[in-house]
Amino acid sequence: MSGEEEENAAELKIGDEFLKAKCLMNCEVALILEHKYEQLQQTSDDPMNQISQVFEKSLQYVKRFSRYKNPDAVRQVREILARYELAEFELCVLGNLCPETVEEAIAMVPSIKTRGRAQDDEAIEKMLNDLSLIKKFE
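The present account deals with the structure reproduced in this document. As the structure is a computational prediction, the values presented were derived from the model and not from experiment. (Residues numbered from 1 in each chain as written. Predicted model: local features only at pLDDT ≥ 70, side-chain atom pairs only at ≥ 80, totals over all residues. Heavy atoms only, no water.)

The relative placement of two packed helices is expressed as an angle between their axes plus a distance between the axes. Their axes nearest at 10 Å, the elements helix H2 (residues 26–42) and helix H4 (residues 71–82) cross at an angle of 140°. In terms of their interaxial angle, H2 and H4 are classed as oblique. The handedness of the crossing between H2 and H4 comes out as left-handed. Here H2 contributes Cys27, Glu28 and Leu31 to the contact with H4, which in turn contributes Pro71, Val74 and Arg78. Here the residues of the contact of H2 with H4 are counted per class, giving 4 nonpolar, no polar and 2 charged. (Axes fitted to C-alpha atoms, helices over the stretch in contact; angles between N-to-C directions. Helix = DSSP H or I, 4+ residues; strand = E, 2+ residues; numbered from the N terminus. Parallel < 35°, antiparallel > 145°, perpendicular 65-115°, else oblique. Left-handed = near helix turned anticlockwise from the far one by under 90°. Contact = heavy atoms within 4.5 Å. Nonpolar A, V, L, I, M, F, W, Y, C, P; charged D, E, K, R; others polar.)

This brings us to the environment of alanine 21. Within the secondary structure layout, alanine 21 lies in the loop between helix H1 (16–20) and H2. Considered as a pair, alanine 21 and phenylalanine 89 are 68 residues apart in the sequence and their alpha carbons are 8.6 Å apart.

If you want it as structure tokens, here you go:
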């Protein structure tokens, strides 16, 4: 991104580094941190493996704001959203915030309508319905 172009998430102008980065949804981070937490608890006798307050607070945060708890559901959410050719940033925003209507989804991630591969309202509605089914049966 050139120095003259202003960053704008609504148009997915977020910088090349961020566009190429792998983003994680809160539920994915929760799974990773829970696994690490279990490992640390097994070796908690060793003073070098104490669990930090920052780690614990981070784990609490992502667990609190994770919309999906089941590892299979987390995998399904990423698979469903990936079908719609979303950028990682868009995928994670939608996966974290779980909009219920097309209007909410567009308000949260305007770039799903404005980029070259813009999704029509029917495709966005189907995507949201697929996500709500996962949540319902989790």
